[in-house]
Amino acid sequence: MTIKFVIILFILLAQGARSDLLDYGADDEDPNDTSVTQMLAPRSYQEDATRILNNLLKEYDKTLRPDIGVKPTVVDVGIYVNSIGPVSSIDMEYQIDIIFAQTWVDTRLRFNSSNSRRLTLNSNMVGLIWLPDTIFRNSKNADAHWITTPNQLLRIWNNGKVLYTLRMTINAECQLQLHNFPMDEHSCPLVFSSYGYPRDEIVYKWSRTSVETSDQKYWRLYQFDFMGLRNTTDVLTTTAGEYVVLSVYFDLSRRMGYFTIQTYIPCILTVVLSWVSFWIKSDATPARTALGITTVLTMTTLSTVARNSLPRVSYVTAMDLFVTVCFLFVFAAMIEYAMLNYYSYSIRRPPAKMQRMAYSSFNMGHAPHSMMPVGNSLFWQDYDDNCLYECLDGKDCKSFFCCYEECKEGGWRKGRIHVNICELDAYSRVFFPTSFLLFNIVYWVSYLYL
């Protein structure tokens, strides 16, 4: 009886534990889980794939190219552009992120299988077969992507066709011609070929979809607009042989917004500011001198800042021309006041021959007048009469600037242009804005439309 009771108790405990295990498994199931349950490949498929790979690599020599000694290996190339940029004008290089795809036929990798016509393999298989020794001729440095695993793809078809893709980021050279900077356009190339195999051993060809691009909103062309691309095929002749070289050119056009705000507008405003001195009285020397020096120093600073975004090229760029002309306008405005001040002082200064008793035929017997101090200047009474003889005689009026209206009638004025020094500011108010406007019209039309 006791043995029978023990047996029944043991059976009840075992059933209770089993129900607890079933309830635990049911609680772990997520009713909202919509993930697809992946099924393992049949054992026969795995064995078939393993057998195929073992047979392919059994006597495979990865150091020899396909069809060696028979015919050249044809490599079809395709590029998918993930992004372009940034472009560095100082270093004359650009960065590009691409997926580089190469396709060729290796008859040694043919296989027969009833389960699959294609094998998709990971990067571990890449180092076991022959690969083209492709190099990028204008690259400064290149990095392959390894996160989270090496970004490489290898596919082998049963007819021996091989597809190998690799994602990489390349810093490539782009020789920028900056004569029209910042209104310049460039074609930045990406050039690649075989490193060691000449044309009679490897021939590169563009695939049907040779170059494709991603959405441009993810590109980092901050100062450029992408205008398009084109690809070419050339033959490079060297001492080692003739090599097939493939190139893809990315056409870029620079945006002017940054340079308009940072350079062009400040330069124009500085030039206009220098014209304010033409409306300030000529005797306000401190005001006009301070304004002239300030505008000249401002243009010097703007010229230095504009050059910081450029390499040290020996030729003149469009921005250099504009900044230089603006600097000349500002400097000329300051020189204009220097001339005005100098000649105005020369007019007021008494001649050295005023001490003569008989000065001229116009005032013979007329004694010189006394000198009167006015502030820091010395003026002579009746100076107009005393200067008249020297002016008409042509001794003091040898330049284009005349101090008296009577000089217009002198014979020495024939063939010369009369300029009234007192009206120099009035002339400058018209000449400087007009000439600067004409310069801007010629400048912008020449660089934007010609």
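Before reading on, note that the structure itself is shown above.
Remember, it's a predicted structure, so these values are computed and weren't measured experimentally.

About the cut-offs
Residues numbered from 1 in each chain as written. Predicted model: local features only at pLDDT ≥ 70, side-chain atom pairs only at ≥ 80, totals over all residues. Heavy atoms only, no water. Helix = DSSP H or I, 4+ residues; strand = E, 2+ residues; numbered from the N terminus. Buried < 20%, exposed > 50% of the residue type's maximum accessible area, 1.4 Å probe, protein only. Contact = heavy atoms within 4.5 Å. Areas by Shrake-Rupley, 256 points an atom, 1.4 Å probe, with all protein chains shown as cover. Polar contact = N/O pair within 3.5 Å; in protein donor to acceptor, adjacent residues only side chain to side chain. Salt bridge = Lys/Arg side-chain N within 4 Å of Asp/Glu carboxyl O. Pairing = 2+ DSSP bridges. Axes fitted to C-alpha atoms, helices over the stretch in contact; angles between N-to-C directions. Parallel < 35°, antiparallel > 145°, perpendicular 65-115°, else oblique. Left-handed = near helix turned anticlockwise from the far one by under 90°. Patch = residues over 30% accessible without salt bridge, like charges linked within 9 Å, V, L, I, M, F, W, Y side chains within 5 Å.

(A) Region of interest: the overall build of the chain. When its secondary structure is counted, the chain shows seven helices and 15 strands. Looking at the chain as a whole, 37% of its 450 residues are labelled buried. Long-range pairs, those at least 24 residues apart, make up 73% of the contacts in the chain between residues at least 6 apart in sequence. Of the roughly 27500 Å² of accessible surface on the chain, 58% is carried by carbon and sulfur atoms.

(B) Expanded view of the environment of serine 187. Mapped onto the secondary structure, serine 187 falls in strand S8 (residues 185-194). What makes serine 187 partly exposed here is its relative accessible area of 31%. For the pair serine 187 and serine 253, spaced 66 residues apart in the sequence, the C-alpha separation amounts to 8.9 Å. Residues within four places of serine 187 in sequence aside, it is in contact with Cys174, Arg230, Tyr249, Phe250 and Asp251. Looking at serine 187, its side chain comes within polar contact range of the side chain of arginine 230, at 3.1 Å. Side-chain polar atoms of serine 187 contact the side chain of aspartate 251, separated by 2.5 Å.

(C) Molecular detail of the pattern of salt bridges. In total, this model carries 13 salt bridges according to the counting rule given. Close ionic contact of glutamate 93 with lysine 140 constitutes a salt bridge, the shortest N to O distance being 3.3 Å. You can see glutamate 93 sitting in strand S2 (residues 93-105) and its partner lysine 140 sitting in strand S5 (residues 139-144), a full 47 residues away along the chain. Residue classification places lysine 140 among the partly exposed positions, given a relative accessible area of 41%. Aspartate 425 is paired through a salt bridge with arginine 288; the nearest N and O atoms lie 2.8 Å apart. Here aspartate 425, found in helix H7 (residues 424-449), pairs with arginine 288, found in helix H4 (residues 285-307); they are 137 residues apart in sequence, far enough to count as distant. With respect to class, aspartate 425 is no different from arginine 288; both count as buried. A cluster of three or more residues bridged by salt bridges with shared partners is formed by Arg288, Glu336 and Asp425.

(D) Quick peek at the sheet that holds strand S10 (residues 224-238). Here we have four strands laid out as an open sheet, ordered S4-S8-S11-S10, and antiparallel in their pairing. Each edge of the sheet is formed by a strand with only one pairing partner; in this case those strands are strand S4 (134-136) and S10. In this sheet, adjacent strand axes meet at a mean angle of 20 degrees when their direction is disregarded. As judged from the 14 bridges shared by S10 and strand S11 (residues 241-254), these two strands associate in the antiparallel manner. Among the inter-strand pairings, threonine 238 is bridged to a residue of S11, identified as glycine 241.

(E) Summary view of the packing of helix H3 (residues 257-274) against H4. Close contact between H3 and H4 brings their axes to 10 Å; oriented N to C, the two are set at 165 degrees. Considering their axes alone, H3 and H4 lie roughly antiparallel with respect to each other. Read as a crossing pair, H3 and H4 show a hand that is left-handed. Only Leu291, Thr295, Thr298, Met299, Leu302 and Ala306 of H4 make contact with H3, whose side of the interface consists of Gln262, Thr263, Pro266, Cys267, Thr270, Leu273 and Ser274.

(F) The arrangement of the environment of leucine 166 in detail. Positionally, leucine 166 belongs in strand S7 (residues 161-173). As for leucine 166 and isoleucine 99, which are separated by 67 residues in sequence, their C-alpha atoms are 5.5 Å apart. Excluding anything up to four places from it in sequence, leucine 166 contacts Ile98, Ile99, Phe100, Ala144, Asn151 and Gln152.

(G) Here's a closer look at a nonpolar patch on the surface. Together, Leu437, Leu438, Ile441, Val445, Leu448, Tyr449 and Leu450 make up a nonpolar patch on the protein surface, roughly 780 Å² of accessible area in all. As for its placement among the helices and strands, leucine 437 is situated in helix H7. The class of leucine 437 is exposed, set by a relative accessible area of 52%.

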